[in-house]
Amino acid sequence: MDRQLLEPSQVDGNLAHRYDSTGHLVALLPARCKLGRHTLGHSQFRAVVHDGEALISCLACATDGADHSWRLTATAPAADRAELSEELYEELIRGRRQRALSPARLS
């Protein structure tokens, strides 16, 4: 299966946020790499927010040339801190897998 079916420049979705108990904004980053192979809490990753966009790169996936960066639109002000979220981005990973396996892509 070709792991580069989606161009790296495609926006994957929106960056999620929440407020903690002290009222500070917390950015919620994907807990898994874009390919769903690595848990970012256990792998090395880099997260950069710039010009209204968050780029979260799995450094383990970057070594084999795969599309390794989440590209998320950041609509809220800059967060004070970030956390990893397993649930929030699962639908995006699942949808990506389904598109990669669709018959139109396999021909």
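Residues numbered from 1 in each chain as written. Predicted model: local features only at pLDDT ≥ 70, side-chain atom pairs only at ≥ 80, totals over all residues. Heavy atoms only, no water.

A.B. asks: Just to check I follow, could you spell out the nonpolar core for this structure?
C.D. replies: A general trend in soluble globular proteins is that nonpolar side chains are found buried together. Judged by nonpolar contacts, the single largest core of 19 residues is most densely connected at L15, C33, I56, W70, L72 and Y89. Broken down by secondary-structure element, the contributors of at least two residues to this core are strand 3 (25-30), strand 5 (53-58) and strand 6 (69-73). The leading source of residues in this core is strand 3, at four residues. Discounting chain neighbours no more than four positions away, the residues touching C33 are H38, L40, C58, C61, W70 and I93. (Core = buried A, V, L, I, M, F, W, Y, C linked by side-chain atoms within 4.5 Å. Buried < 20%, exposed > 50% of the residue type's maximum accessible area, 1.4 Å probe, protein only. Helix = DSSP H or I, 4+ residues; strand = E, 2+ residues; numbered from the N terminus. Contact = heavy atoms within 4.5 Å.)

A.B. asks: What exactly am I supposed to notice about the pairing of strand 2 (residues 16-19) here?
C.D. replies: For strand 2 and strand 3, the ladder comprises four bridges, and the chain directions are antiparallel. Within strand 3, the residue paired with Y19 across the bridge is L25. Hairpin geometry of strand 2 and strand 3 is characterised by an intervening segment of five residues between the two adjacent antiparallel strands and by a positive phi of about 90° at G23. (Pairing = 2+ DSSP bridges.)

A.B. asks: Help me understand the pattern of salt bridges in this model?
C.D. replies: Once their charged atoms are close, side chains differing in charge can pair, the charge on each being opposite to the other. Per the stated rule, a full pass over the model turns up six salt bridges. Its salt-bridge partner being D12, residue K34 comes within 3.1 Å of it at the nearest N-O pair. Of this pair, K34 sits in the loop between strand 3 and strand 4 (45-50) while D12 sits in the segment before strand 1 (13-14), placing them 22 residues apart in sequence. Note on accessibility: K34 and D12 belong to one class, buried. Among the salt bridges present, the one from R81 reaches E83, with a minimum N-O distance of 2.9 Å. (Salt bridge = Lys/Arg side-chain N within 4 Å of Asp/Glu carboxyl O.)

A.B. asks: Can you walk me through the sheet that holds strand 6 in this structure?
C.D. replies: The strands making up a sheet associate through backbone hydrogen bonding, with each pair oriented either parallel or antiparallel. Here we have four strands laid out as an open sheet, ordered 1-6-5-4, and mixed in their pairing. Lying at the two open borders of the sheet, with one neighbouring strand each, are strand 1 and strand 4. Here strand 1 runs beside strand 6; their pairing, made up of two bridges, is parallel. If you follow G13 over to strand 6, its bridge partner there is L72.

A.B. asks: How should I be thinking about the side chain of D12 in this particular structure?
C.D. replies: Classification of D12 as buried rests on a relative accessible area of 16%. A polar atom in the side chain of D12 sits 3.1 Å from the side chain of K34. When neighbours within four sequence positions are excluded, D12 is seen to be in contact with K34, S69, W70, R71, L72 and L92. (Polar contact = N/O pair within 3.5 Å; in protein donor to acceptor, adjacent residues only side chain to side chain.)

A.B. asks: I'm lost on the pairing of strand 3 in this one. Help?
C.D. replies: Note on strand geometry: in a regular strand, side chains alternate between the two faces of the sheet. Among the six residues that make up strand 3, six are buried, leaving the element largely enclosed by the rest of the structure. Pairing of strand 3 with strand 7 (residues 81-85) involves five bridges; the strand directions are parallel. Across the sheet, the residue bridging to P30 is S85, located in strand 7.

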